[in-house]
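In case you want the letters, here they are:
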Amino acid sequence: MNILSPSILAADFTILGEQLRSVDRAGAEYIHIDVMDGIFVPSISYGMPVIRSIRKATDKVFDVHLMIEKPERYIEAFADCGADIITFHLEATDRVAAVIEDIHRRGLKAGLAIKPGTSVESFRPYLDVADMFLVMTVEPGFGGQVYMDACTEKVRAARAMAEESGRSIDIQVDGGINRENIGTVLKAGANVIALGSAIFEGDIEDNVRHFLNILSR
Ligand code: DX5
Ligand code: ZN
């Protein structure tokens, strides 16, 4: 199933609750929440208090994307504040399997992310346990960047690997996806689409409906 995951990094934080309700009303399934620590990536975004607060604004699935060093330190905290899916970077820890296990123990789904420079083959050891693979299509750290064409092949390879496993593993793409290139990532095999600027610039509800329409084809 194809799923839309609007990233609130591109939202107007003075009216975040209102914008979340627009996204929700228009029918988006997930809310993508980018957590940055200023170490794994250069920027710092937001964390637990914000997530706990917006948990009251919507029942949608919170798809939390951790761009933080040593995510093992914070799984409990993000589970407690309302995450439904926790995705972390395999470059950020040497305890990947243990982190996935910890996420599962808390009844949540576990996603594994790679930066553009990391090989898709790094996913292979976790084919039996991960619920989702996130292929970054920009360097993580900022919204509004340009999609890296070289990543399309990685999406295709991740999908092929997921198929081989015989399990149902979601393939998420994140970064620089817009009205022009969404067809390319879908065709390559992505089924969870994170979108920041393309949702929050302009009319949010129209944008969500536009993309949901493409995803349902
Ligand atoms: C980038 C974040 C993305 C970002 C996407 O590090 O992980 O989720 O918000 O924003 P756009 O769609 O504007 O590239
Ligand atoms: Zn993200």
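Residues numbered from 1 in each chain as written. Chains lettered and ligands numbered in written order. Predicted model: local features only at pLDDT ≥ 70, side-chain atom pairs only at ≥ 80, totals over all residues. Heavy atoms only, no water.

Colleague: Run through the pattern of salt bridges, naming residues and quoting values.
Modeller: Inspection of every chain in the model, using the stated rule, returns 11 salt bridges. Of the charged contacts in the structure, one is a salt bridge between Asp84 and Arg55, with a shortest N-O distance of 3.0 Å. Of this pair, Asp84 sits in the loop between helix H3 (75-80) and strand S4 (85-89) while Arg55 sits in the loop between helix H2 (48-54) and strand S3 (61-67), placing them 29 residues apart in sequence. Arg55 gets classed as partly exposed once you look at its relative accessible area, which sits at 21%. Taking the shortest distance from any N to any O, the salt bridge between Arg105 and Asp102 comes out at 3.1 Å. Remark: Asp102 and Arg105 occur in helix H4 (residues 96-105); sequence separation between them is three residues, near one turn of the helix. Taking the relative accessible area as the measure of exposure, Arg105 reaches 61% and is therefore exposed. On the basis of relative accessible area, Asp102 is assigned to the buried category, the value being 11%. (Salt bridge = Lys/Arg side-chain N within 4 Å of Asp/Glu carboxyl O. Helix = DSSP H or I, 4+ residues; strand = E, 2+ residues; numbered from the N terminus. Buried < 20%, exposed > 50% of the residue type's maximum accessible area, 1.4 Å probe, protein only.)

Colleague: Let's hear about the coordination of the zinc ion (ligand 2): which residues, and what values?
Modeller: Coordination of the zinc ion (ligand 2) by the protein comes from His32 (NE2), Asp34 (OD), His65 (ND1) and Asp174 (OD), over a distance range of 2.0 to 2.2 Å. Around the zinc ion (ligand 2), the six donor atoms sit at angles spanning 70 to 168°, and that spread fits a shape best called octahedral. (Donors = N, O, S within 2.8 Å, 3.2 Å for Na, K, Ca; no water. Tetrahedral: all angles 85-135°; square planar, octahedral: opposite > 155°, others 65-115°.)

Colleague: Any chance you could break down unusual backbone geometry for me, citing the residues and the numbers?
Modeller: Phi is positive for Lys70, which is not a glycine, with a value near 45°. As for its position among the elements, Lys70 is in the loop between S3 and H3. Overall, Lys70 belongs to the partly exposed group, its relative accessible area being 45%.

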